[in-house]
Amino acid sequence: ILSNEWLRQLTRRSVAQATAEEGLVLLGQDREAVLPIDKHPIRRAVNGEEFGDYVVWTGTGNEQRALGTAARSMRGQDGGFGGAVIAFSDVTGLYEAVSAKDELIANVSHDLRAPLTSILGNLELVLDQLDIDAEATLGSMAQYLRYSHHSAERLLELVSDLLLSASAATTIHPRKTDLAGLVQSCVGAVRPQAQPAKVSIVTDFPSPLWAHADPARIAQVVDNLISNAIKYSPDGGEVRVTATSNGREAFLEVRDSGLGISPHDVSRVFDKFFRSNEVRDAAIPGTGLGLSIAKAIVDRHGGSIQCTSTPGEGTSMNVTLPVEPALA
């Protein structure tokens, strides 16, 4: 009914691209496909929805802008729905800053990988050539080499996580995938990690169990969740991996009986570089990037990932993935 001059100008610029019911042509997160009418912020607000920080795009090429939208309902005299107020904010600068940050992380991480790989390779050659007699003669020198090798491995792990968090997690190629076979392979790969930690891994899922997913990317998610469950169970215990499907969505749960996380920290476990107080107090190594990468991958699939936990009793990570590709 009413709009300010900024929104009227935005509408005039966008209406030349295509015809939309509300007059304002908006694009989805891929910045290419026109947003379906039922996803349009104005339509959502007219239907009585209230929301905030709903980001859409408008324009093309260098003129493309990111818009943060929010809506609040108004009530009529009878207490029923009487309309809505919708706010559009240009948040392009924020998105450009985030993109520049991610590009910087990716470039620096890429440049760091080459010398680190060289350092690791040469250290491994030296360690391979240390026979029993040489080790007895060299004594502490051999131990220093092992310390250096371990530190270089940890640094390479951090660099790899930084690189993945900045770029790789945004690219997926989903197809019909047997989630059961994929999870079984991941469990087999991490069992050697579980044995020294005295952690037993129990699995329960039907086979096959289909999902519309990128097997390589979802394997990264599953590897991370199971490895975390083992790592955060320093006193042994059990990690239970279960999966089911209702025909529309596939559900995966990784539950451990380890340290657990406080309610305050649960809300932050998917933030980049976040590590809970319990993990820091236990001096458990990590980068704080694994779960943020896992969430980015799952989100790109159109799925969801959630964490529930009780301090001292364990943590449960729940992943939901679509069984069929989303309709265009």
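Predicted model only: the values in this text are computed from it and were never measured.

Trainee: It is not clear to me how the overall build of the protein should be interpreted in this structure. Could you clarify?
Mentor: On a plain count of helices and strands, the protein comes out with 10 helices and 10 strands. For the protein, the proportion of its 328 residues judged to be buried stands at 40%. Here the analysis covers contacts within the protein between residues at least 6 apart in sequence; of these, 60% occur between residues at least 24 apart. As displayed, the protein has an accessible area near 18,600 Å², and 54% of this comes from carbon and sulfur atoms.

Trainee: Explanation requested: the packing of aromatic side chains in the structure shown.
Mentor: When we look at a pair of aromatic rings, we describe it by the centre distance and by the angle of the planes. If you walk through the whole model with that rule in mind, you get one aromatic pair. Here Phe51 and Tyr54 contribute two aromatic rings whose centre-to-centre distance is 5.6 Å and whose plane-to-plane angle is 80°, an arrangement assigned as edge-to-face. There is no split in this pair, since Phe51 and Tyr54 are both buried. For Arg44, the ring lying beneath its charged end belongs to Tyr54, and the centroid distance is 4.4 Å. Over the ring of Trp210 we find Lys176; its NZ or CZ atom is 4.7 Å from the centre of that ring.

Trainee: Mind showing me how you'd approach helix α7 (residues 215–231) here?
Mentor: Because the α-helix completes a turn every 3.6 residues, residues three or four places apart line up on one side. With 17 residues, α7 ought to run about 24 Å at 1.5 Å a step, and its terminal C-alpha atoms sit 24 Å apart, in line with that. You can read the cap of α7 off the contacts: a side-chain oxygen lies 3.1 Å from the backbone nitrogen of Ala216, and it is on Asp214.

Trainee: How do you make sense of the packing of α7 against helix α10 (residues 290–300) when you look at a structure like this?
Mentor: Between α7 and α10, the least distance of the axes is 9 Å, while the angle of their chain directions is 145°. Of the two possible hands of crossing, α7 and α10 adopt the one that is left-handed. In contact with Arg217, Ile218, Gln220, Val221, Asn224, Leu225 and Asn228 of α7, α10 contributes Gly290, Leu291, Ala294, Ile297 and Val298. The residue makeup of the contact of α7 with α10, split by class, is seven nonpolar, four polar and one charged.

Trainee: What's the story with the sheet that holds strand β3 (residues 81–90) in this structure? I'm lost.
Mentor: Two strands in a sheet stick together by hydrogen bonds in their backbones, pointing the same way (parallel) or opposite ways (antiparallel). With antiparallel pairing, the three strands of this open sheet are ordered in space as β1-β2-β3. In this open sheet, the two edge strands, each paired with only one partner strand, are β1 (51–58) and β3. Across the sheet, the mean angle from the axis of one strand to that of its neighbour is 30°, orientation sign disregarded. Examined bridge by bridge, strand β2 (residues 65–75) and β3 share eight bridges and lie antiparallel to one another.

Trainee: Help me understand the sheet that holds strand β8 (residues 249–256) in this model?
Mentor: Read across the open sheet, the five strands follow the order β5-β7-β8-β10-β9; overall the sheet is mixed. Bordering the open sheet on either side are β5 (199–204) and β9 (304–310), each of which pairs with just one other strand. Pairwise comparison of adjacent strand axes, ignoring direction, gives a mean angle of 15° for this sheet. Here seven bridges tie β9 to strand β10 (residues 314–322), and the two strands are oriented antiparallel to one another. In the sheet register, Gln306 faces β10, and the bridge partner there is Asn318.

Trainee: What exactly am I supposed to notice about the pattern of salt bridges here?
Mentor: Two side chains with opposite charge may pair up if their charged atoms get near one another. Inspection of the entire model under this criterion finds seven salt bridges. Measuring nitrogen to oxygen at the nearest pair gives 3.0 Å for the salt bridge that ties Glu49 to Arg44. Here Glu49 falls in the partly exposed class, since its relative accessible area comes to 34%. A salt bridge links Arg268 to Asp271; its shortest N-O distance comes to 4.0 Å. Judged by its relative accessible area of 36%, Asp271 falls in the partly exposed class.

Trainee: Explanation requested: unusual backbone geometry in the structure shown.
Mentor: Comment: phi is negative for the bulk of residues other than glycine, and the bulk of peptide bonds are trans. Residue Ser207 is joined to Pro208 through a cis peptide bond whose omega torsion reads 0°. Note on placement: Pro208 falls in the loop between β5 and β6 (210–213). Although it is not a glycine, Lys198 sits at a positive phi angle of roughly 60°. Topologically, Lys198 is positioned in the loop between α6 (179–194) and β5.

Analysis parameters
Residues numbered from 1 in each chain as written. Predicted model: local features only at pLDDT ≥ 70, side-chain atom pairs only at ≥ 80, totals over all residues. Heavy atoms only, no water. Helix = DSSP H or I, 4+ residues; strand = E, 2+ residues; numbered from the N terminus. Buried < 20%, exposed > 50% of the residue type's maximum accessible area, 1.4 Å probe, protein only. Contact = heavy atoms within 4.5 Å. Areas by Shrake-Rupley, 256 points an atom, 1.4 Å probe, with all protein chains shown as cover. Phe/Tyr/Trp six-rings, centres within 6.5 Å; stacked < 30°, edge-to-face > 60°. Lys NZ or Arg CZ within 6 Å of the ring centre and 35° of its normal. Expected span 1.5 Å × (residues − 1). Polar contact = N/O pair within 3.5 Å; in protein donor to acceptor, adjacent residues only side chain to side chain. Axes fitted to C-alpha atoms, helices over the stretch in contact; angles between N-to-C directions. Left-handed = near helix turned anticlockwise from the far one by under 90°. Nonpolar A, V, L, I, M, F, W, Y, C, P; charged D, E, K, R; others polar. Pairing = 2+ DSSP bridges. Salt bridge = Lys/Arg side-chain N within 4 Å of Asp/Glu carboxyl O.

Nothing here speaks to function; it is all geometry.
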